[in-house]
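# Secondary and tertiary structure notes
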Amino acid sequence: MHTDPTSGTALPGASVRLRPATGRDADFLADVLLEAFNWNGGRFTSAEMLRMPHIAHYVTGWPRAGDFGVVAEDDAGRPIGAGWARTFPADDPGYGHVAPDVPELTLGVLPGHRGRGVGSALLDALVELAARSSVGLLSLSVEDGNPAVRLYAARGFTVVGREGESDTMLLRLAGAPSGRLEA
Ligand SMILES: CC(C)(COP(=O)(O)OP(=O)(O)OC[C@H]1O[C@@H](n2cnc3c(N)ncnc32)[C@H](O)[C@@H]1OP(=O)(O)O)[C@@H](O)C(=O)NCCC(=O)NCCS
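The written sequence of each chain sets the order in which its residues are numbered from 1. pLDDT decides what is reported in this predicted model: residues at 70 or higher carry local features, side-chain atom pairs at 80 or more are listed and counted, and totals for whole chains, interfaces and linings draw on all residues regardless. For side-chain calculations, the full set of non-hydrogen atoms in the structure is used, while hydrogens and water are omitted.

Another point: the environment of Phe88. In this fold, Phe88 is placed in the loop between strand S4 (79-86) and strand S5 (104-109). Between buried and exposed lies partly exposed: a residue is buried under 20% and exposed over 50% of the maximum accessible area for its type, with that area taken using a 1.4 Å probe on protein chains only. A residue is classified by how much of its surface remains accessible, and Phe88, at 4% relative accessible area, is buried. Remark: the alpha-carbon pair of Phe88 and Pro100, spanning twelve residues in sequence, is separated by 5.5 Å. The contact criterion used is simple: two residues touch if any of their non-hydrogen atoms lie within 4.5 Å. Setting aside chain neighbours within four positions, we find Phe88 in contact with His57, Tyr58, Pro93, Gly94, His97, Ala99, Pro100 and Glu104. The helix count covers DSSP runs of H or I at least four residues long, the strand count covers runs of E at least two residues long, and both are numbered beginning at the N terminus.

Put into structure tokens, the structure is as follows:
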């Protein structure tokens, strides 16, 4: 029997636990989305971001069928980071769009909690959730200069495309049919 990747996983050296993201996390996911888009400084406020449909659609209506995600909490139960994945149709793509059946992930950890392995643990848990849901591929978009690219590359994501100033990266989970993207 496997252990649930998100049920009370304690990270070594830190009082951090992972749990599945639920509908009650919608506002927190929006906070994390803001961190992801503001990784290089304060580009938008939360209100501005939520008025931009091509950005807000990463969290709009959370959770929709097929969405999955993980939240990291500190020892007081406060959320400090999250990673989640959602698919987008071809006529409303995310920045890291590969195909309508390939979920695109978003990842972020609140400032003050970074550099302690939380982002890595969230990503690992998300990948494991994807694998258990028979998701074969996960994509993402990472802007030029964002050091998060090292985290993704270390987990096996590879660059498969380019959109504006960002790379589109893809992880092929074990067992995914290799010709699926070209189909
Ligand atoms: C990217 C992010 C989620 C990583 O979370 P984290 O908890 O700091 O990550 P970890 O402690 O697990 O570190 C994992 C790796 O991330 C890389 N990394 C990510 N951000 C980094 C940064 N600002 N500076 C240096 N390394 C960074 C490093 O390679 C690190 O590995 P290493 O310690 O072996 O060098 C977090 O920095 C964050 O929220 N950044 C702002 C939002 C963002 O950019 N999201 C991704 C959008 S594509």
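Paired rings are identified among Phe, Tyr and Trp, the last through its six-membered ring, by centres lying within 6.5 Å, and are further divided according to the angle between planes into stacked (under 30 degrees), edge-to-face (over 60) and tilted (the rest). According to the stated counting rule, one finds five aromatic pairs in the structure shown. Judged by centre distance (6.5 Å) and plane angle (50°), the rings of Phe37 and Phe44 are tilted. On the numbers, 5.8 Å between centres and 65° between planes, the contact of Tyr152 with Phe157 is edge-to-face. You'll find Tyr152 and Phe157 in the same group, each marked buried. Among the aromatic side chains, those forming a connected cluster through ring pairs are Phe37, Phe44, Tyr58, Phe88 and Tyr95.

Now for the site of the ligand. Nearness is defined per residue: one heavy atom within 4 Å of the molecule or strand is enough. Taken together, 21 residues sit near the ligand, with Val109, Gly115, Gly117, Gly119 and Ser120 positioned nearest. Backbone polar atom of Leu107 to a nitrogen atom of the ligand: 2.9 Å apart, as the coordinates give it. All accessible areas in this document rest on Shrake-Rupley with a 1.4 Å probe, and a residue is counted as covered only by the protein chains that are shown. Considering the ligand on its own, with 880 Å² of exposed area, one finds that the protein chains cover 70% of that surface. Only helix H1 (26-37), S5, helix H4 (118-132), strand S6 (137-143) and helix H5 (148-154) provide two or more residues apiece to the shell around the ligand. It is H5 that contributes the most residues to the shell around the ligand, four residues altogether. Counted by class, the shell around the ligand contains ten nonpolar, seven polar and four charged residues. Polar contact criterion, stated in full: a pair of N or O atoms within 3.5 Å, where within protein one must be able to donate a hydrogen and the other to accept it, and residues adjacent in sequence count only if both atoms are side-chain atoms. Throughout this entry, Asp, Glu, Lys and Arg are counted as charged residues, while Ala, Val, Leu, Ile, Met, Phe, Trp, Tyr, Cys and Pro are counted as nonpolar. The remaining residues, Gly among them, count as polar.

For soluble globular proteins, the rule of thumb is that nonpolar side chains tend to be buried together. We call a set of buried Ala, Val, Leu, Ile, Met, Phe, Trp, Tyr and Cys residues a nonpolar core when their side-chain atoms join them within 4.5 Å. Counting residues in hydrophobic clusters, the biggest one holds 28 residues, and the most contacted among them are Phe68, Leu105, Leu122, Leu138, Tyr152 and Phe157. Counting residues per element, the ones that place at least two in this core are strand S3 (68-73), S4, S5, H4, S6 and strand S8 (166-172). Of all the elements, H4 adds the most residues to this core, at nine residues. Those residues in contact with Leu138, other than ones at most four positions away along the chain, are Phe68, Ala85, Val102, Pro103, Leu105, Val127, Ala130, Phe157, Met169, Leu170, Leu171 and Leu173. Counting 19 residues, the second-largest nonpolar core is a separate cluster that includes Phe28, Leu29, Met52 and Trp84.

Another aspect to go through is the pairing of S4. Taking burial as the measure, the eight residues of S4 include seven buried ones, the bulk of the element. For two strands to be treated as a pair, DSSP must find no fewer than two bridges joining them. Relative to S4, S3 runs antiparallel, the two being bridged by six bridges. Looking at the pairing, Phe68 lines up with Ala85 of S4. Here S3 folds back onto S4 in antiparallel fashion, the turn holding five residues, of which Gly77 has a positive phi close to 85°. Sheet topology places S4 next to S5; six bridges connect them, and they run antiparallel. Bridge pairing in S5 places Arg86 opposite Glu104.

Next up on the list: H1. Three- or four-residue spacings in an α-helix give side chains the same orientation, since the helix completes a turn every 3.6 residues. Helix span, expected: 1.5 Å multiplied by one less than the number of residues in the helix. In this model H1 runs 17 Å from its N-terminal to its C-terminal C-alpha over twelve residues, within 8% of the 16 Å that 1.5 Å per residue would give. When H1 is considered as a whole, its buried residues turn out to be Phe28, Leu29, Ala30, Val32, Leu33, Leu34 and Phe37. Check the buried side of H1 and you find it contacts helix H2 (46-50), helix H3 (53-56), S3, S4 and S5.

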